[in-house]
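What follows is the residue order along each chain.
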Amino acid sequence: MWLPPIVLFCASTASGQGPAPETAPPLFPGGGLISYNSRVTTRAPGIAGGVPSTARPTFSHEADFNFTWGFYRDFDLTVLIPITTTRFDIPGKPVGGTGLGDSLVLIKYRFYRRDSARGTTQASVTLGPKIPTGREDLDNANGDLLPASLQPGSGSTDLFLAANGTYTGLFNLKRLVADEDFHALLRSQGTQATRLGSDLESRFWLSYRPYESKDVAREWFIGPALTWLHSQDDRIAGVSKRGSGGDVLLAGMTTYFGVRPGMHVWLGMDWAVAHSTSPLFMPVRRHISFGITQQFRLHR
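Reading the values: the criteria
Sequence order as written defines the numbering, with residues in each chain counted from 1. Per-residue local features are limited, in this predicted model, to residues with pLDDT of at least 70; the limit for side-chain atom pairs, both in listing and counting, is 80 or more; totals at the level of whole chains, interfaces and linings are taken over all residues. Based on all heavy atoms of the structure, the side-chain values leave hydrogens and waters out of the count. Each nonpolar core is a collection of buried residues, namely Ala, Val, Leu, Ile, Met, Phe, Trp, Tyr and Cys, held together in the definition by side-chain atoms within 4.5 Å. Relative accessibility under 20% of the residue-type maximum defines a buried residue, over 50% an exposed one, and the middle range a partly exposed one, all with a 1.4 Å probe and only protein chains included. The contact rule is simple, with two residues in contact once any of their heavy atoms fall within 4.5 Å. A run of DSSP states H or I qualifies as a helix once it reaches four residues; a run of E qualifies as a strand once it reaches two. Both are numbered from the N-terminal end. Lining residues are defined by having an atom within 4 Å of a point belonging to a cavity or pocket. Those points lie on a 1 Å grid over the protein atoms alone, cavities being sets where a 1.4 Å probe fits but cannot get out and pockets being open sets with protein on both sides within 12 Å along at least five of seven lines. Grid points are joined across faces, edges and corners, and a volume is the space filled by probe spheres set on the points. In this count, Pro and Cys sit with the nonpolar residues alongside Ala, Val, Leu, Ile, Met, Phe, Trp and Tyr, while Asp, Glu, Lys and Arg are called charged and the others, Gly among them, polar. Pairing between two strands is assigned when DSSP locates at least 2 bridges connecting them. Aromatic rings from Phe, Tyr and Trp, taking only the six-membered ring of Trp, are treated as a pair when their centres fall within 6.5 Å; an angle between ring planes under 30 degrees marks them as stacked, one over 60 as edge-to-face, and anything in between as tilted. Here, over-ring charges are defined by two tests on the NZ atom of lysine or the CZ atom of arginine: distance to the ring centre within 6 Å, and angle to the ring normal within 35 degrees. Salt bridge, as used here: a side-chain nitrogen of Lys or Arg that lies within 4 Å of a carboxyl oxygen of Asp or Glu.

Caption draft 1: Examining the nonpolar core more closely. Among the nonpolar cores identified, the biggest contains 7 residues, and these are Ala55, Phe88, Val95, Leu138, Leu146, Leu150 and Met282. Residues contacting Val95, with those up to four places away along its chain left out, are Val51, Thr86, Arg87, Phe88, Ile90, Asn140 and Leu146.

Caption draft 2: Up close: the environment of Gly258. Relative to the assigned elements, Gly258 resides in strand S14 (residues 246-260). Taking the relative accessible area as the measure of exposure, Gly258 reaches 1% and is therefore buried. As a C-alpha pair, Gly258 and Ser60 span 198 residues in sequence and 28 Å in three-dimensional space. Not counting residues up to four positions away in its chain, the partners in contact with Gly258 are Ala217, Arg218, Glu219, Met263 and His264.

Caption draft 3: How the structure looks around the layout of surface pockets. Of the volumes computed, that of the second largest pocket is approximately 190 Å³. Along the wall of the second largest pocket there are 14 residues; nearest its centre are Lys93, Val95, Asn140, Ala141 and Asn142. Here the residues of the lining of the second largest pocket are counted per class, giving 8 nonpolar, 3 polar and 3 charged.

Caption draft 4: Representation of the pairing of strand S5 (residues 103-115) in the model. Two elements, strand S3 (residues 75-88) and S5, share 6 bridges in a ladder whose sense is antiparallel. Its bridge partner lying in S5, Thr78 is registered against Leu106. Two strands pair when backbone bridges link them, and S5 and strand S6 (residues 120-131) are joined in this way by 10 bridges, in the antiparallel orientation. If you follow Arg113 over to S6, its bridge partner there is Gln122. Taking the residues between adjacent antiparallel strands as the criterion, S5 and S6 are bridged by 4 residues, where Gly119 takes a positive phi near 160°.

Caption draft 5: Representation of the sheet that holds strand S13 (residues 239-240) in the model. Spatially, the 3 strands line up as an open sheet ordered S9-S12-S13, and their pairing is antiparallel. The strands lining the two open edges of the sheet, one partner per strand, are strand S9 (194-195) and S13. Pairing geometry for S9 and strand S12 (residues 235-236), over 2 bridges, is antiparallel. When the sheet's bridge partners are listed, Arg195 is paired in S12 with Arg235.

Caption draft 6: Seen up close, the side chain of Thr126. Positionally, Thr126 belongs in strand S6. A residue is classified by how much of its surface remains accessible, and Thr126, at 10% relative accessible area, is buried. Among all residues touching Thr126, those that are not within four sequence positions of it are Leu106, Ile107, Lys108, Phe160, Leu161, Ala162 and Asn164.

Caption draft 7: Broad picture of the pairing of S6. With 10 bridges joining them, S6 and strand S7 (residues 158-168) adopt antiparallel strand pairing. Residue pairing across strands places Thr121 opposite Tyr167, the latter belonging to S7.

Caption draft 8: Local environment of the packing of aromatic side chains. All told, the structure shown has 6 aromatic pairs when counted by the stated rule. Seen in terms of ring centroids, Phe71 and Phe75 are 5.9 Å apart; in terms of plane orientation they differ by 40°. Their pairing is tilted. By relative accessible area, Phe75 is classed as partly exposed at 25%. With centroids separated by 6.3 Å and ring planes inclined at 50°, the aromatic side chains of Tyr72 and Phe75 adopt a geometry described as tilted. Members of the aromatic cluster, connected to one another through ring pairs, are Trp69, Phe71, Tyr72, Phe75 and Tyr109. Sitting over the face of the ring of Tyr167, Arg118 holds its NZ or CZ atom 4.2 Å from the ring centroid.

Caption draft 9: Focus on the pattern of salt bridges. Under the criterion given, the structure shown has 13 salt bridges. The closest approach of N and O atoms between Asp74 and Arg110, which form a salt bridge, is 2.8 Å. Pair noted here: Asp74 is in the loop between strand S2 (59-72) and S3 and Arg110 is in strand S5, with a separation of 36 residues, a long-range link. Like Arg110, Asp74 is buried. Here Arg135 ties to Asp137 by a salt bridge, and the two come within 2.5 Å at their closest N and O atoms. The exposure class of Arg135 is partly exposed, given its relative accessible area of 35%. Here the salt bridges do not stand alone but share partners, grouping Asp102, Lys130, Asp158, Arg187 and Asp199 into one network.

Here you go:
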């Protein structure tokens, strides 16, 4: 309830806010960060007549707990642990449940930084494994195991890759920032002999800072975001499920507010504006995300 009212109108598809509104900078050397991110995703209704083997949740909620450590200049280490709730709506009683999701262990390296009178330009890369720590035993009322795509955990060890860039001072406006986050989750075979389709995401955020206190303890960023999601087809028992993957384009707004030194909140929303069509493809309709971050110093 203490969040600024303006924040309630915006959101992000991010998995968890980092040390800054932009995605390229790592955490400062010797610093620590903890954050909580609550992310809700809704999809188009499922196919009538049961639960297909490629079904995605019509509703899902992911509570992400993020710990980041700036262990060296231009490097940081992130451990992200999710608690995931999935639900698939079918006539009668929806199926789904809650459990621990797959964890991520990521290292970010900022390989470029240039300061100028206009602002700062930065670029970084991130990589690391997704570890199969998630629950894989959700079943329906009859005791039948739900498809792998509806389980909180995938049972597979996957590779996460990301490239990020931030350009401050766009059009020579010091408070206008362009930020690009491109990442991929390259999947392997997991539970139920299922290899879920690999995912690609490109998110562009154009933010403006309309407010900044003199001591920089409080600041506010807000702006539009455009996101492209691409998922490949699933493979089950070695057979490709053609049409289970596809593309979605989402548009929305993102905001980020510094409430005191080291503490920030963010919130927002994205809506689908275009998507692929296929009987097996369940496109994302909406993302809603909000969270809070607290930075601190671990060592010098």
